[in-house]
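Read off the chains here:
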Amino acid sequence: MNRQAKFKTPRRGPAKKALNNQKDPVGVYCRVRPLGAEEEECCIEVISSSTIQLHTPEGFKVNRNGEFKETQYTFKKVFGVSVSQMELFEHVAKPLVDDLIHGKNGLLFTYGVTGSGKTFTMTGTPGQGGLLPRSLDMIFNSIGPYQAKRYVFKTDDKNGMDIQCEVDALLERQRRDNNLIIPKTPSSRQKTDPDIADMIKSEEATKGDGVDEDGSYSVFVSYIEIYNNYIYDLLEETQEDAIKPKWNGGGTPVRQNTEFIPPQSKILREDQNHNMYVAGCMEVEVKSAEEAFQVFWRGQKKRKVANTRLNRESSRSHSVFIIKLAQAPLDADGDNVLQDKNQVSVGQLCLVDLAGSERTGRTGAEGTRIREAGNINQSLLNLRTCIEILRENQMCGTNRMVPYRDSKVTHLFKNYFDGEGKVRMVVCVNPKADDYEETLLVMRFAEMTQEVEVARPVDRPICGFTPGRRHRNQAFKEELSRKLEECGGPTDRDVSSARGCLSLPPLPSSEVTDAHDDITLPRLIEALQDRQRIRRMLMQDYSESATKLKSVLQKVDSNLVSNENFIHEQNGKLAEKDRVIQDNKVEIERLEKRARMQEHKIDILQKTTKIYEDDKRSLQQELETREQRLQRELSEKRRMENRMHGVVSDTQHKWEKECERRVNAVQLEMQNKLWVKDEKFKQLKAIVAEGKTPGRPDPPPRQTQPQPKRPSREERQRDEPQHQHQPQPAKRSASPSPISTTTPVRPLHRRSHSAGGGKWVDHKPPSNLDLGTVLQPVIPNAIQVSHPSEKALSKCDRYVLTHQEVASDGEIQTKLIKGEVMKTRGGGQAVQFTDIETLRQELTTAVGRKRKSSEGAPRNGGETDGAWTDVETRCSVALENRAGSNMGPGYEHHGITKRRKP
């Protein structure tokens, strides 16, 4: 034999569970606790029967911008502060008890912050019993007449249930009664604990419907707590206190380091159906609601509680009260329980009172309390994580592993979330403002839990016995007892004896007085013969009836066989249909999964399309913006082109006029030179003639062509435009002759208007730029100011403003805006503008640079042609705007070079 295979545990296949695709969401209910004091601030408002609203308390701001935020949460049903325990039980726990009676599992747990009323909701107080005592009362009210005797059902310590016959159950009862050391659990007739007396009023008793009368029931309860992620049995008599050290006989601690010795923790195991259970947990069989609640209260006293700042008796552990209802059908006679373990059905209802989540800063916990609070919060956090992953797997089609094993709470109840029964949660909230933050987290967890769906439990199979067996058996026993009492016979005589007693005649008196009495014996013999004859007739009737009954039974058997064949055939067809349905369900699941994947892809594509559309819209807007910018640039370019064409045409027209003026000026200058040379020639000729013939009379003048007359200054001014004035400096003679008698008179240079005889106010703004040119306007006898003032204007009678602006060609032009200062009637000063002069810089377009006459004068003293191109002439540009002209400061004027007189 292989040694390794000897100790290897064989792999057990998965349990065969009935497939059920119908799912129900987790039922989440909300219960609002009344405020402890009326002056406390309330942060919860019940809007409707299914909606509550959370108000942010004063001093607590949720958003960064400081605004108060109000949130609403929806539940399956909301119970206000005035709801009764009975109404809460009718809506929450009664459906779970009905399912338990029909062999289905259920899980109900309370969740909330410390001090929110979870224990009151689950346990209650005398006169106001909670969900747990009302559930026990409903169970026993429903199955009371159909309970099996004690120890007929027996646990097998593997989360299963064995069944015993009446004899074995009787022996078990006797053995346990003899070995029982502790007193029995008090019944309802004995004195009960005053803390749990009268938990439920008689008028509030409920009863379930649809109880199988042909079944036998038995209730088992167990009570455990999960403390610091360890499982302890509260019903064990040897349970050690986790907060007290062990003491030996001498009165000293066993351990010298005074460490606390925790009790023995239970472990979780998995049964053959892959359901989790607590191994070694004590399960007590109870026969009444009072007995079951006494067992619960006995374990409740051992539960870990502590006094904190928020709650006087705060639960430091999660308590789980498990109710198991075992049921089995009666046999064909309806008298005893069917001795078949496979026909035993066990339903389980778990009532869980979770410990409240809390913050150590608010509770003021220290030492052990901090460790307890940390373990409580960690287990609740793991519960939230499992719920969140379950929701994600169901909504998104993922297959993430749910971390049930991270906490004992989730590991114990993982079968319920996998489809072993209904799951319901009662969220208890405290409306006071101090619990707002914790209540907000509880609301978010409850909202997430409602989105988790749990598979609906399937109905248990029905046995093939005829219904109504218990009622027929009971009616038969009652009729038999009645007839036996009528005939006066013993109650344990069989039916045939009872029938014979009713049919046979009575025997005569058999007292014999004489040995030769011939009357009594023949009479007794005759009576016996009659009874024998009647007995033969009864036997014959019995045989005939038996034959008839046998024939009827044979017919029934044949019909039954045919029906069984038909049923077998229909079962085969049904199995085939089931396989088809199963294949269709598998295909539907595959298609649904594919549909979810496609929907997920569609969502991704829609998001991508939206992103692309947004990008396209932004690009289109950018393109339109650039097109508009391009259109503006094109229109600006066209305007600039038109403007430049205008400037070019104006410049061309100006230079044409300038060229024409220069040509005329050169012609006039040449005529003047020619006239001067002629005059000199005449003088020289006269001198020569006088030297050769002295005393000779003057010859008559020679007839020559008339010399061109030199135009006067007034004529030249009339020829020029009215709005331009071009003063020219007089031209110096290149070589003055001492013998010259007639020298051309040099005209006086015309002075600028800015050089008048009056006193000026020279207003130059500080923003003006120094152009650095040769010629600058000089105004003598002037007061220079950057801002005109009344004091300066009162001392002067003339005013000039120097204004600079950029011309169309990019050069800076200067305007001298002139005016006269006049006194007003009120004693002030006013300025009346009368003239504008514009000064500009221009680059002359001469062919070559000509030097001044002083630089390049010939040795013989002759006059050169470039005398007019000296620095003064080339740089002088001026424009005069006379008073009364149509031109204003906005017009653009170009100065021209000054001309010199011949």
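1. Side note on the overall build of the protein chain
Per the secondary structure count, the protein chain includes 18 helices and 28 strands. With 902 residues in all, the protein chain has 34% of them scored as buried. Counting only carbon and sulfur atoms, one obtains 51% of the accessible surface of the protein chain, whose full area is about 57,400 Å².

2. What about empty space enclosed by the protein?
The tally for this structure, following the rule as stated, stands at four cavities of 30 Å³ or more. Its volume calculated, the largest cavity comes out at about 80 Å³. As for the largest cavity, its lining consists of Leu107, Phe109, Val352, Leu354, Leu383, Val409, Thr410, Phe413 and Phe417. Contributions of two or more residues to the lining of the largest cavity are made by strand 7 (105–112) and helix 10 (408–412). Along the lines of polarity and charge, the residues of the lining of the largest cavity split into eight nonpolar, one polar and no charged.

3. Focus on the nonpolar core
By size, the foremost hydrophobic cluster in this structure holds 55 residues, and its most contacted members are Ile52, Phe75, Phe413 and Met443. Among the nonpolar cores identified, the runner-up in size contains 44 residues, and Leu100, Phe140, Ile323 and Val426 belong to it.

4. Quick notes on helix 2 (residues 85–92)
Residues Gln85, Met86, Leu88, Phe89 and Val92 constitute the buried set of helix 2. The buried residues of helix 2 occupy one face: seen down the axis, they fall within an arc of 160 degrees.

5. Some remarks on helix 12 (residues 436–449)
For helix 12, spanning 14 residues, the distance from its first C-alpha to its last is 20 Å, which sits close to the expected 20 Å at 1.5 Å a residue. Counting buried residues along helix 12, ten of its 14 residues qualify, which places the element largely inside the surrounding structure. Within helix 12 the residues assigned to the buried category are Tyr436, Glu438, Thr439, Leu440, Val442, Met443, Phe445, Ala446, Met448 and Thr449.

6. Regarding the sheet that holds strand 5 (residues 71–74)
Strand order across the open sheet formed by three strands is 3-4-5, with antiparallel pairing between neighbours. Here the strands that pair on one side only, and so sit at the sheet edges, are strand 3 (44–46) and strand 5. Pairs of neighbouring strands in the sheet enclose a mean axial angle of 25 degrees, with direction left out of account. Here three bridges tie strand 3 to strand 4 (residues 51–54), and the two strands are oriented antiparallel to one another. Across the sheet, Val46 pairs through a bridge with Ile52, a residue of strand 4.

7. What to know about the side chain of Glu291
Topologically, Glu291 is positioned in helix 7 (residues 289–300). At a separation of 3.1 Å, a polar atom in the side chain of Glu291 contacts the main-chain amide nitrogen of Lys287.

8. Details of the packing of helix 3 (residues 94–101) against helix 5 (residues 131–143)
Orientation of helix 3 relative to helix 5, taken along the N-to-C sense of each, is 40 degrees, at an axis distance of 10 Å. Accordingly, the angle class assigned to the pair helix 3 and helix 5 is oblique. In the packing of helix 3 onto helix 5, the handedness of the crossing is right-handed. Residues Lys94, Val97, Asp98, Leu100 and Ile101 of helix 3 pack against Ser135, Met138, Ile139 and Ser142 of helix 5. Along the lines of polarity and charge, the residues of the contact of helix 3 with helix 5 split into five nonpolar, two polar and two charged.

9. Quick notes on a nonpolar patch on the surface
Taken together, Leu549, Val552, Leu553 and Val556 make up a surface patch of nonpolar side chains, about 340 Å² in accessible area. Note on placement: Leu553 falls in helix 15 (residues 520–692). Taking relative accessible area as the criterion, Leu553 reaches 43% and is therefore assigned partly exposed.

10. Looking at the pairing of strand 5
Across the two faces of strand 5 the burial differs, with Thr71 and Tyr73 buried and Gln72 and Thr74 not buried at all. Sheet topology places strand 4 next to strand 5; four bridges connect them, and they run antiparallel. Bridge pairing in strand 5 links Leu54 to Thr71.

11. Notes on the confidence of the model for the protein chain
Considering every residue of the protein chain, the mean pLDDT works out to 76; 70% of them sit at 70 or more. Between residues 489–503, whose pLDDT stays under 50, and residues either more than four places distant or in other chains, the model counts 13 contacts. Taken together, the stretch residues 846–902 has pLDDT below 50 and engages in 132 contacts with residues farther than four places along the chain or on a different chain.

12. Some words on the pattern of salt bridges
Taken as a whole and assessed by the stated rule, the structure comprises 28 salt bridges. For Glu172, the salt bridge identified is with Arg175, shortest N-O distance 2.0 Å. With Glu172 and Arg175 both in helix 6 (residues 166–179) and three residues apart, the pair spans about one turn of that helix. As a salt-bridge pair, Glu172 and Arg176 come within 2.8 Å of each other at their nearest N and O atoms.

13. What to know about the environment of Thr123
Note that Thr123 resides in the loop between helix 4 (118–122) and strand 8 (124–125). Judged by relative accessible area, which is 7%, Thr123 ranks as buried. Thr123 sits 76 residues away from Met199 along the chain, and the two C-alpha atoms are 9.2 Å apart. When neighbours within four sequence positions are excluded, Thr123 is seen to be in contact with Gly129, Gly130, Pro133, Met199, Phe293, Phe296 and Trp297.

Conventions used here
- Residues numbered from 1 in each chain as written.
- Predicted model: local features only at pLDDT ≥ 70, side-chain atom pairs only at ≥ 80, totals over all residues.
- Heavy atoms only, no water.
- Helix = DSSP H or I, 4+ residues; strand = E, 2+ residues; numbered from the N terminus.
- Buried < 20%, exposed > 50% of the residue type's maximum accessible area, 1.4 Å probe, protein only.
- Areas by Shrake-Rupley, 256 points an atom, 1.4 Å probe, with all protein chains shown as cover.
- 1 Å grid on protein atoms, 1.4 Å probe; cavity = no way out; pocket = protein on both sides within 12 Å on 5 of 7 lines; lining within 4 Å.
- Points joined across faces, edges and corners; volume = space filled by probe spheres on them.
- Nonpolar A, V, L, I, M, F, W, Y, C, P; charged D, E, K, R; others polar.
- Core = buried A, V, L, I, M, F, W, Y, C linked by side-chain atoms within 4.5 Å.
- Arc of directions from axis to C-beta.
- Expected span 1.5 Å × (residues − 1).
- Pairing = 2+ DSSP bridges.
- Axes fitted to C-alpha atoms, helices over the stretch in contact; angles between N-to-C directions.
- Polar contact = N/O pair within 3.5 Å; in protein donor to acceptor, adjacent residues only side chain to side chain.
- Parallel < 35°, antiparallel > 145°, perpendicular 65-115°, else oblique.
- Left-handed = near helix turned anticlockwise from the far one by under 90°.
- Contact = heavy atoms within 4.5 Å.
- Patch = residues over 30% accessible without salt bridge, like charges linked within 9 Å, V, L, I, M, F, W, Y side chains within 5 Å.
- Salt bridge = Lys/Arg side-chain N within 4 Å of Asp/Glu carboxyl O.
- pLDDT = per-residue confidence, 0-100.

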